[in-house]
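# Chain and residue survey
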Amino acid sequence: MSALRTLDPGHNQLRRIPAALGELVDLSDFLYLHDNALKELPPSLGRLTRLRYLNISENEFESLPDAVTEMSGLLELRVTDNRLTTLPATIFQADAAA
């Protein structure tokens, strides 16, 4: 699975994502985690710095997971239909290399 570029475990009512998913550092195109029952993401997902699109919509997040702010390659992030009330300050920090 190390050559995966897209992964879609959406629509499964998953309550957690295994930390080992963060080992798929070549995952670069899409990660669809939408329409599950997720409240958090493992910190290891922050290693997915090549990922360009992440969809964590339709889950149970009350705050944006720290791992998301570490995904420096993201071009699109979808987080609709969660329980978010604030965003972390780190989400607004521009990449120094940009």
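This write-up is about the structure you can find in this document. (Residues numbered from 1 in each chain as written. Predicted model: local features only at pLDDT ≥ 70, side-chain atom pairs only at ≥ 80, totals over all residues. Heavy atoms only, no water.)

### Considerations on the side chain of Asn36
Tracing the chain through its elements places Asn36 in the loop between strand S2 (30-32) and strand S3 (53-55). Judged by its relative accessible area of 4%, Asn36 is buried. At a separation of 3.1 Å, a polar atom in the side chain of Asn36 contacts the main-chain amide nitrogen of Asn12. Within polar-contact distance, the side chain of Asn36 engages the backbone oxygen of His34 at 3.4 Å. Aside from chain neighbours lying at most four places away, what touches Asn36 is Pro9, Gly10, His11, Asn12, Gln13, Leu14, Glu58 and Asn59. (Helix = DSSP H or I, 4+ residues; strand = E, 2+ residues; numbered from the N terminus. Buried < 20%, exposed > 50% of the residue type's maximum accessible area, 1.4 Å probe, protein only. Polar contact = N/O pair within 3.5 Å; in protein donor to acceptor, adjacent residues only side chain to side chain. Contact = heavy atoms within 4.5 Å.)

### Here's the deal with the pattern of salt bridges
Going through the model one piece at a time under the given rule, you end up with five salt bridges. Ionic pairing is found between Asp26 and Arg50, a salt bridge with its closest N-O pair at 2.9 Å. Pair noted here: Asp26 is in the loop between strand S1 (6-7) and S2 and Arg50 is in the loop between S2 and S3, with a separation of 24 residues, a long-range link. Residue Arg50 is classed as partly exposed on the basis of its relative accessible area of 46%. Note that Asp29 and Arg52 form a salt bridge whose closest N and O atoms lie 2.8 Å from each other. Placement of Asp29 in the loop between S1 and S2 and of Arg52 in the loop between S2 and S3 is noted, with a sequence separation of 23 residues between them. One salt-bridge network, in which partners are shared between bridges, spans Arg5, Asp29 and Arg52. (Salt bridge = Lys/Arg side-chain N within 4 Å of Asp/Glu carboxyl O.)

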